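Here's the letter readout for the chains.
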Amino acid sequence: MIETAALLRPLTVLRCSFTHIAFSKTIANVNTVKKVHRWVNYESMLKECLVGRMAMKPALPKGMLPQSQVTDTLAKEGPSSPSYDWFQTDSLVTIVIYTKQKDINLDSVIVDHRDDSFRAETVIKDYSYLVHVALSHEIQEDFSVLVVENVGKIEIILKKKENISWKCLGHPLENHNSFIPKKDTGLFYRKCQLVSKEDVTHDTKLFCLMLPPSTHLQVPVGQHVYLKLPITGTEIVKPYTPVSDSLFSEFKEPVLPNNIYIYFLIKIYPAGFFTPELDQLQIGDYISVSNPEGNFIISQLQELEDLFLLAAGTGFTPMVKVLNYALTNIPSLRKVKLMFFNKTEDDIIWRSQLEKLAFKDKRFEVEFVLSAPAYEWSGKQGYISPALLSEFLERSSDTSRVLICLCGPTPFTEQGMKMLHDLNFSKDEIHSFTA
Ligand code: FAD
Ligand code: NAD
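Residues numbered from 1 in each chain as written. Chains lettered and ligands numbered in written order. Predicted model: local features only at pLDDT ≥ 70, side-chain atom pairs only at ≥ 80, totals over all residues. Heavy atoms only, no water.

Caption draft 1: Inspection of the sheet that holds strand 13 (residues 225–231) at higher detail. The antiparallel open sheet is built from seven strands, whose spatial order is 14-13-17-10-11-16-15. Two strands lie at the open edges of the sheet, namely strand 14 (234–240) and strand 15 (242–243), each paired on one side alone. Here strand 15 pairs with strand 16 (residues 261–267) via two bridges, running antiparallel. Paired with Val243 across the strands is Tyr263, a residue of strand 16. (Pairing = 2+ DSSP bridges. Helix = DSSP H or I, 4+ residues; strand = E, 2+ residues; numbered from the N terminus.)

Caption draft 2: Up close: the site of ligand 2. Around ligand 2 there are 21 residues in total, and Lys267, Tyr269, Thr314, Asn342 and Ser371 lie nearest to it. Contact distances for ligand 2 include 2.7 Å between an oxygen atom and a side-chain N or O atom of Tyr269. With respect to ligand 2, the backbone of Gly408 contributes an N or O atom lying 3.4 Å from an oxygen atom. Relative to its unbound accessible surface of 870 Å², ligand 2 loses 77% to contact with the protein. Among the cavities detected, the one that contains ligand 2 is the second largest pocket. Listed by contribution, the elements that provide at least two residues to the shell around ligand 2 are strand 19 (335–342) and helix 9 (410–422). (Near = heavy atom within 4 Å. Polar contact = N/O pair within 3.5 Å; in protein donor to acceptor, adjacent residues only side chain to side chain. Areas by Shrake-Rupley, 256 points an atom, 1.4 Å probe, with all protein chains shown as cover. 1 Å grid on protein atoms, 1.4 Å probe; cavity = no way out; pocket = protein on both sides within 12 Å on 5 of 7 lines; lining within 4 Å. Sits in = over half its atoms within 2 Å of the grid points.)

Caption draft 3: Quick look at the pairing of strand 3 (residues 109–114). By the criterion of burial, strand 3 is predominantly enclosed, with five of the six residues buried. In the sheet, strand 3 pairs with strand 4 (residues 117–124) via six bridges, with the strands oriented antiparallel. Bridge pairing in strand 4 links Val111 to Ala120. Here strand 3 hands over to strand 4 after two residues, with Asp115 in that stretch at a positive phi of 45°. In the sheet, strand 3 pairs with strand 12 (residues 215–216) via two bridges, with the strands oriented antiparallel. Within strand 12, the residue paired with Asp112 across the bridge is Thr215. (Buried < 20%, exposed > 50% of the residue type's maximum accessible area, 1.4 Å probe, protein only.)

Caption draft 4: Just the pairing of strand 14, in detail. Here strand 13 pairs with strand 14 via seven bridges, running antiparallel. Looking at the pairing, Leu229 lines up with Ile236 of strand 14. The hairpin formed by strand 13 and strand 14 contains two residues between the paired strands, and Thr232 there has a positive phi angle of roughly 40°.

Caption draft 5: Focus on the site of ligand 1. Near ligand 1, the surroundings consist of 18 residues, among which Lys238, Pro239, Tyr240, Phe274 and Thr275 are the closest. Contact between ligand 1 and Lys238: an oxygen atom at 2.8 Å from a side-chain N or O atom of the residue. In this structure, an oxygen atom belonging to ligand 1 sits 2.9 Å away from a main-chain N or O atom of Phe273. Surface burial for ligand 1 is 59%, taken as the share of its 960 Å² of free accessible area covered by protein chains. Its atoms largely coinciding with the cavity grid, ligand 1 occupies the second largest pocket.

Rendered as structure tokens:
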């Protein structure tokens, strides 16, 4: 089936899409066909293509419902259901997901291939669309994911292990072709390898995990994942927010195939349940990492002029990517101010990086506030308070577009929210990071 949009594209593109839709069966015959059939010239092939003869519909395996008959449990008010299609060449199988949405990107799709199970979850607003099949033939470990943003199309390009023609993509697995509210989907985990662990403060470490090559996963700015470890025979799960490897990482959308490393700043609590076990992991050990979750939306940063970040302790973690993203991608941004609350100077994560960034980028300022400072500390002291906030939250103009992000221990976040409302900031101007 050829998309309507494709029919309107210039010929060169059509030619290209013709090459794409030349499936192995077709391709295998083309050379022979060229020699013997009168109709094999570009115009006639194109005509055939437009009427759909050259574009092979995916053969449905036994038991797999045609897409039009797929029941989805989508609530009436939700976005319309995506659909998928697939095609092949001698060496490749391409799965195409038509999301019918414009605001999708490489973060929107999470792909995992393990053994013969292939799983691609596309997140669209609060919904999840799943392609989940047992592939009919073996594929190589690595694959590519492409997103055509303006038409909302995702292409997952798999490499065949053997150059043979596939009669069908595979057999449906649990929830294949479903489009359901994200809150109703379980968390999906894949095993990642610990590749490095560095001390950052006396109790906080930077962990670097490597995704398997058979996974495409990018954690969106402001979202967290769950880490899972077996502890005394039970699987224990805790949320953590990925960060960049440093404050100076250029924030670019990765190109093919994906980012393979995920970094975490994690505080180890000696009397904690999970973090001492995490700290015991050796380089090369594996830990399960879930799909991302969270309610921060990148569009909250669009056209922003003033960004204020209120972070306490490891509540700094969601601020790292927000800060990097805003400074790199928001041209309207005039200033970013971080007020960072800690107990002591020794607890401040990435202090010298923050100071260097403030020196390097005049839009960025940082202020440290300590709740248990040493005698010599001459900076700000205490817990979050209306006095600290009203002095700190100075708009660059009366009408400037502002966002205030908060994250830290629950009492910090709750008190901060109340203070911000009392200071007349609207709900839209405040984002608190919670589980
Ligand atoms: P816990 O067992 O939960 O204990 C934590 C502390 O509380 C310890 O000091 C412990 O002694 C004390 N404690 C436990 N129970 C009691 C009790 N009954 N009475 C008194 N004290 C008690 N953390 C990070 O370091 N980095 C992150 O990026 C990060 N991201 C997060 C994202 C989200 C969305 C959320 C909700 C939390 C995040 N956290 C993060 C916190 C993380 O999920 C864990 O809560 C944290 O690592 C502590 O886990 P733990 O099991 O080691 O400690
Ligand atoms: P901490 O105990 O070292 O405290 C850091 C600062 O938080 C203190 O200096 C103080 O200014 C403030 N604070 C602490 N208790 C307070 C209270 N009762 N009232 C007002 N302010 C208070 O912090 P930590 O051990 O690094 O803990 C960080 C917290 O952030 C954890 O609870 C973690 O779960 C949370 N966190 C949440 C997310 C998220 O929701 N996305 C992400 C990362 C961390």
